[in-house]
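# Architecture at a glance
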Amino acid sequence: MACMATTMHLDMGEIENEPVRPKIKDAKGILQQNREFLDFFWDIAKPEQDIRLKAIENLIQYLKKSEKSDELKYTLKRLVDGLAHTREAARPGFSLALGQVLSVFEEVSLRTAFDQIKEKHNLVTVKKKLIRNAAFGNFFGVLALSQSTRLPKEPQVVLECVQLLQSLSLHREHLRDLPRKTMVDILSETSEEVFEEVLLGALQTDLSSAFSTPEQLQLLLVAMQKFPQVLKPKKLKKLLGTSTIITMDNIPKLTEVLKMAARSVKKDRLLPAVALDLLQISLKEDNFELFWRETIIKGMLKDQPGPTHYLSYRLLGSALPLLTLVQLKQVLNGEVMRAYGEHVVSAQLPDRFKFAPEMETYVGDFLQGCDEPEKQLAVVVAFSLLTNQGYPVVPSFWRVVQHLRPTALQSYVDWLKDMFLNPQLESCLDFSTRRQKENQEGGVQRENCIFRLRKWIIPRLTSIVENNQVKREEDLVMDVARFVFFHAFFNAKKATPDIPETEATLSVPLDEKTRVVVINSFFGLLQHMNHLPLLGDSPEVAARNQRHVQGVTGDGSMWIYCLVQYADALLNQPKYAQSTQPFSPEQRRTWDSMLASVRTLMKKSKKGQTPETSAFQQLFLLVGIHLFKAPEDLVDLMQDLQNCMEKAQEKKSKKKATGSAGGEEEPHWAEVVVDILLSLLSQPSRHIRHVCRTVFSNICPHVTARALTAILDVLDPDKDEEDSAVVVTDDQDSDKIKKKDIKKKGEEDEGEIEEEQSDASDDDSEEGEDEAMEEGGEVDQNFRIELMKVLQNQGALATEQDGSDDDELDDEAMMKLDGSIAALFLEQKKKMQAKKDEKDKLKKGKTLVRDFKIKVLDLVEVFLARQGSSPLVLGMVEPLLSVIESGMSSESDQQEQDFLRKAADIFKNQLCRAKQYCKTVGDRQGELHDLLEKLMTKAQKLSDSSVSLYFFSASLYLVKVLRGGVPGASADGKTILSTEEVLCVNLLETAVEHITIGIREHQQSQASAMVLRGLQSREVQQLLAGDPWAGLLQKAVGQVAASLETVVETAKNKVVQEKLVKALELGLFLVKNVNQQKLSVALEPLKKVLQSMREVLGFKKTGQMEDTYWAVMKHFGVIKPKRDRIRKTKEDQAEPTAPKKKKGFLPETKKRKNRKKQLPVSEKGAADANTVPLGKPEEGKKKRNKNKKQPGEETPGQGLAKKAKMTPSAIKQKKKKQHTI
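Residue numbers here run from 1 along each chain, matching the order of that chain's written sequence. For a predicted model such as this one, the threshold for reporting local features is a pLDDT of at least 70, and the threshold for listing and counting side-chain atom pairs is 80 or more; totals across whole chains, interfaces and linings nevertheless cover every residue. The basis for the side-chain values is all heavy atoms of the structure; hydrogens and waters are excluded.

An unreviewed UniProt entry lists the chain under the name Myb-binding protein 1A, with Oncorhynchus tshawytscha given as the organism. Quoted verbatim from the Sequence similarities (unreviewed entry) heading of the UniProt record, the comment on the chain is "Belongs to the MYBBP1A family." Looking at the Subcellular location (unreviewed entry) heading of the UniProt record, one finds this comment for the chain: "Nucleus". UniProt positions are given in the numbering used here, feature names are shortened, and annotations may be inferred rather than shown by experiment.

Below, the structure is given as structure tokens:
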């Protein structure tokens, strides 16, 4: 504070440390004020907003309590002085404080404050270099008066403030448009009487030149809105020459003003207030159509895409709440919308400004605040009709629909369905980009546009159901689901009221591509309906949703069962609805048996729902609904499921009759269910994956060892994939599902990028033919022989018997030769393409298998979560370790990494670190001991230390199981514990040795990490309590010290740095535990090594390595020294800097040396004597000459000193080198 006080005294013209004078003047009253009071002004000038606001509040409270006039007077003077503060953040603080003081203390007149502002910041008398600060002082002073809320009460002060702001407008280079905006603010708070009597005359010039700048036009528009009785048409006629603003004569002027406004907010990306005011005036004058057509469409849009276009889009979004229904339809079907659509498509390219999120905000705000369903419907329909060659530019998952009223939402759904059935392309506001027009010389095909439109409508319908923010009812959800299902698998033959979907026929039949899109969308919708919470706003629904009831309707029926019933109704009425893929008699029997089984299970569930019943219900319904997609593949699966359910019921009845379960020769029903789940998981469907996960969760208590083995066999990397019982199916449309998922995340689809990608793919296919010939490295020898034969047979290849090379083939022979060569190359191309296709097929098959295994890991994860304490879990240890070990050594593409990451996460978190684990090992103790020894033996032999960590975790898990499963009091328990001790000690001792004997630095660092992880385990600490624990720590301390000694000189290498960090972390644990447990472990060797490291490496910076080092040293009583923040002198700053090199000069290390010429022994000694030691700067370099020394050049003093020490031959050699350079 002393420094601050001194600075303040200097600012105020008072210096405390001056010599004693006969009389001290206190012109500004500073000496009479106390420290608390003065500190308020220091805080007001600080850059932190919170501190400024708190200081202003405290200042007001202080002045209220003190009631001293001199302090209030001093406050006014101090705040006025601060308005022109050189620090930009301080000016608003002083302005706000002045406004608050004037608002609270009305005894201070505005006239007094205004006079002080003008006097202190006089623009006429101020020095030229301070004119900027004075301009800001005047501006913030007027702003403070405006914020005091007292300005309208003193009209004369208002007038002078406006006049001052008018004069400040001349300083636009400093204040930009701030004075004009403040005038508008003052005008909006002024009464009509004051405006007419006081301000109108002063503003006469600004109002008359309203069409000159955006600020002056906005001033006029605000005055017209605020004082319509003053600025009547006659008055406007006198000011502007026209009685209205929007006229044909004024259109060019208004257009130029709007363009100026658009360019002024280019960086701010907002709508200028003058544009919105102009729009409102046009509506008030009933000239909106003229304004929109002439100013916006013919004026602003004629410029190149940029600020003027963005202003038009923002004005469109802001106009939505202000327009009538007719005006909305007119604007949303015009050129501004078309230009916006072209922008959306072109902005999909990288590094382009995207306006779509801003427009979505405008539309969302309008729909949220609009109470008229007709207007809501008109807006969403208009944006849906803005299409690029049939495809709407708004995303299919458009969040704004969540604000639609129920009636508007239902109308929008009906419109989408009708548009799907009868695509009306003529009603679309369609456009094509320049590149699309160039690529499509024959014009846009209508069939393609219809396909693109329908391709968007179906995801648009399903997204309405999938968006939980949309207020939808069960009837709407079922309506959409029925519509999508019907057009995915059926065609209407004859209309009937029982099936509403048959009453409207397709004007253009669905092609195969569209049908595939609809099918995929249906199963995506089905997957979401399985998660759908109860719909409705009643308290009962809210209470049931808190219990996470999902996938059912209000009456408890599953959504999928409702759809199965609807599908059965369609199958039973072939007169009205025809299936696109009719069932065979066997498939129909399968369908009927499925329905019968579901009804039987539903009857049983009414008596009491069990996990088995629920699991079978879901499986039957899932397989049943998928019969429409792949009936041939699922008939046998349905039969297996039927037999499985019967076996489960028979087993249950036998248990009830006999009370015990007999031996079974046939597979357990749970094993059959697992096989069915694995078969279903082989299909690419998110819905199937979720249902399989749910079903398996229900049957987990019944899963047998053989069922679990079947799951683990799928993950076994040692088994050949061809021998697997599960065949992974390929869905040719899986890529389209992925595209749909991407669209659901809100990304915009299609457009110009699609065209570019298609063009690029065409080019790639053409180039691929040539590349196919080049693949394989060497030329095929058989192809070479065949080519030689063709040339020889046609006489085109000279032989030894030919006497001359001058014979040429005639035209007929050449044509025949060309045909033969072309046929040969075509055949070779087909062979190469076949090889490439085979390679792609193998790669795709491998991808599908890997994806299947990722889904099978779901089952493993579910079992560990539900049955973590089951002894069956112990059988997962080795298979999961095998997966991890194989994944670490295999290829590292993204899918492989995902699979490995998931497997490792399940093994580490769900198995080894699970709170619930097996505690009933029974007679498997010996087996577990063998497994434990096997794992630790293998861990010691592994070359990859990161894999060894997982084996070590598995060993600790088995130790935990053995200890938890056997009573410690028994004699056998002691034997087991002693065996565990030996195994754990052997493993840890091996890891400790590898801290220094590891082959690579990375392995040594991983060994440190493994030891640290083992020592941190509570089980290991309990097993090795006492002397074994102290001995292990002593050995670890020695190894860490030895490891750190080798790191000192090479700590700049990243791998070595990692080793150093791991060793320090282990050292921190060792030192901390030895001190806490007061063990007899010698830490002195480690301390000496750490101290020597500090001398070499310094550890003065901050980072993981430095922080860990000082954390260790803290336990030895050494604290990290604080860095001295002393301002360096010019000489100190110049000392370490190297001389600046001129461009074009090579550094010394890059210059070519003359290696052939060796210096004599005496010259070598002289050269060595003149070299400067590392780390010590040369003398004479602290101050630099104005003439900068070039690289390799010497200062006069240095040159003389060196020449004195050099022998004559050395000087001669040196000159020769300089000439050479």
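Now for the packing of helix α23 (residues 406–421) against helix α25 (residues 446–466). Only the stretch in contact is used when fitting a helix axis, every axis being a line fitted to C-alpha atoms; angles between N-to-C directions are given from 0 to 180 degrees. Only DSSP runs of H or I covering at least 4 residues are called helices, and only runs of E covering at least 2 are called strands; the numbering of each starts at the N terminus. With their axes 10 Å apart at the nearest point, α23 and α25 run at an angle of 150° to one another. In terms of their interaxial angle, α23 and α25 are classed as roughly antiparallel. Handedness of the crossing formed by α23 with α25: left-handed. Contacts between α23 and α25 pair Leu409, Tyr412, Val413, Leu416, Lys417, Met419, Phe420 and Leu421 from the former with Leu453, Arg454, Trp456, Ile457, Ile458, Arg460, Leu461 and Ile464 from the latter. Any residue outside Ala, Val, Leu, Ile, Met, Phe, Trp, Tyr, Cys, Pro, Asp, Glu, Lys and Arg is labelled polar, Gly included; the first ten of those are nonpolar and the last four are charged. Across the contact of α23 with α25, the residue classes tally to 13 nonpolar, no polar and three charged. Angular relationships are summarised with four words: roughly parallel below 35 degrees, roughly antiparallel beyond 145, roughly perpendicular across 65 to 115, and oblique for the angles in between. Should the near helix be turned anticlockwise from the far one by less than a right angle, the crossing is termed left-handed; should it be turned clockwise, right-handed. Only heavy atoms enter the contact rule, under which two residues are in contact if any of them lie within 4.5 Å.

Further remarks concern the sheet that holds strand β1 (residues 386–388). When DSSP finds two or more bridges between two strands, those strands count as paired. Here three strands make up an open sheet; going across it, the order is β2-β1-β3 and the pairing mixed. Each having just a single partner strand, β2 (391–392) and β3 (429–431) make up the two edges of the open sheet. Strand direction decides the pairing type here: β1 and β3, joined by three bridges, are parallel. Looking across to β3, one finds that asparagine 388 is bridged to phenylalanine 431. Lying on the sheet, helix α20 (residues 335–346) is in contact with β1 and β3; it crosses β3 at an angle near 45°.

Attention shifts here to the nonpolar core. Counting 330 residues, the largest nonpolar core has Ile245 and Phe696 as the members making the most contacts within it. Counting residues per element, this core draws most heavily on helix α43 (residues 945–965), at twelve residues. Ignoring any residue separated from it by four or fewer positions in sequence, one finds phenylalanine 696 in contact with Val674, Leu677, Val703, Ile711, Leu859, Val862 and Phe863. As used here, the term nonpolar core means buried Ala, Val, Leu, Ile, Met, Phe, Trp, Tyr and Cys residues forming a set that is joined through side-chain atoms within 4.5 Å. For every residue, the accessible area (1.4 Å probe, protein chains only) is compared with the maximum for its type, and the residue is labelled buried under 20%, exposed over 50%, or partly exposed between those bounds.

What follows is about the packing of aromatic side chains. Aromatic rings in a pair are described by how distant their centres are and how their planes are angled relative to each other. Under the pairing criterion, centres of Phe, Tyr and Trp rings, with the six-membered ring standing for Trp, must be within 6.5 Å; the plane angle then separates stacked pairs below 30 degrees from edge-to-face pairs above 60, leaving the rest tilted. This model, assessed by the stated rule, comprises 37 aromatic pairs. With 6.4 Å between their ring centres and 80° between their planes, tyrosine 340 and phenylalanine 383 make a pair best called edge-to-face. Of this pair, tyrosine 340 sits in helix α20 while phenylalanine 383 sits in helix α22 (residues 373–384), placing them 43 residues apart in sequence. Tyrosine 340 gets classed as buried once you look at its relative accessible area, which sits at 4%. On the basis of relative accessible area, phenylalanine 383 is assigned to the buried category, the value being 1%. Each member of the aromatic cluster is reached from another via a ring pair, and the members are Phe485, Phe486, Phe489, Phe490, Phe522, Phe523, Tyr566, Phe583, Trp591 and Phe628.

What follows concerns the environment of aspartate 640. Position of aspartate 640 among the secondary structure elements: in helix α32 (residues 631–658). With relative accessibility at 37%, the residue aspartate 640 sits in the partly exposed group. Apart from residues no more than four positions distant in its own chain, aspartate 640 is found in contact with Val672 and Ile676.

A separate point is a negative patch on the surface. A cluster of acidic residues, Glu192, Glu193, Glu196 and Glu197, forms a negative patch at the surface. Of note, glutamate 197 is situated in helix α11 (residues 192–202). The patch calculation keeps residues exceeding 30% relative accessible area without a salt bridge and links them within 9 Å when they carry like charges or within 5 Å when they are nonpolar (Val, Leu, Ile, Met, Phe, Trp, Tyr). Areas reported here follow the Shrake-Rupley algorithm with a probe of radius 1.4 Å; residue values treat only the protein chains shown as occluding. When a carboxyl oxygen of Asp or Glu lies within 4 Å of a side-chain nitrogen of Lys or Arg, that pair is called a salt bridge. In summary, the charge assignment counts Lys and Arg as positive and Asp and Glu as negative, without counting His or the chain termini. Charge placement uses NZ in Lys and CZ in Arg. For Asp and Glu, CG and CD serve respectively.

The geometry of helix α47 (residues 1027–1045) relative to helix α48 (residues 1054–1077) is characterised by a closest axis approach of 10 Å and an angle of 145° between their N-to-C directions. Where α47 crosses over α48, the two elements pack in a sense that is left-handed. Contact residues: α47 offers Trp1029, Leu1033, Ala1036, Val1037, Val1040, Ser1043 and Leu1044, while α48 offers Lys1059, Leu1060, Ala1063, Leu1064, Leu1066, Gly1067, Leu1070, Val1074 and Gln1077. Looking at the contact of α47 with α48, its residues break down into twelve nonpolar, three polar and one charged.

Right, let's get into the pattern of salt bridges. Evaluated as defined, the whole model comprises 27 salt bridges. Between aspartate 81 and lysine 120 there is a salt bridge, with its nearest N and O atoms 3.8 Å apart. Of this pair, aspartate 81 sits in helix α4 (residues 69–82) while lysine 120 sits in helix α6 (residues 110–120); the two residues are 39 residues apart in sequence, bridging distant segments of the chain.

Turning our eyes to something else, we now look at the side chain of serine 282. Note on placement: serine 282 falls in helix α16 (residues 273–284). Here serine 282 falls in the buried class, since its relative accessible area comes to 0%. Once residues lying within four places of it in the same chain are set aside, the contact partners of serine 282 are Ile246, Asn287, Phe288 and Phe291.

Of note, leucine 278 is situated in helix α16. Counting along the chain gives 33 residues from leucine 278 to isoleucine 245, while the straight-line C-alpha distance between them is 8.5 Å. Discounting residues that sit within four places of it in the chain, leucine 278 has contacts with Leu217, Leu221, Ile245, Ile246, Leu254, Leu258 and Phe291.

This part is about the side chain of arginine 454. In this fold, arginine 454 is placed in helix α25. The charged side chain of arginine 454 is buried without a salt bridge, its nearest counter-charge being aspartate 511 at 5.9 Å. We call two N or O atoms a polar contact when they sit within 3.5 Å, provided that within protein one can donate a hydrogen and the other can accept it, with sequence-adjacent residues counted only if both atoms are side-chain atoms. One polar contact links the side chain of arginine 454 to the main-chain carbonyl oxygen of phenylalanine 420, over a distance of 2.9 Å.

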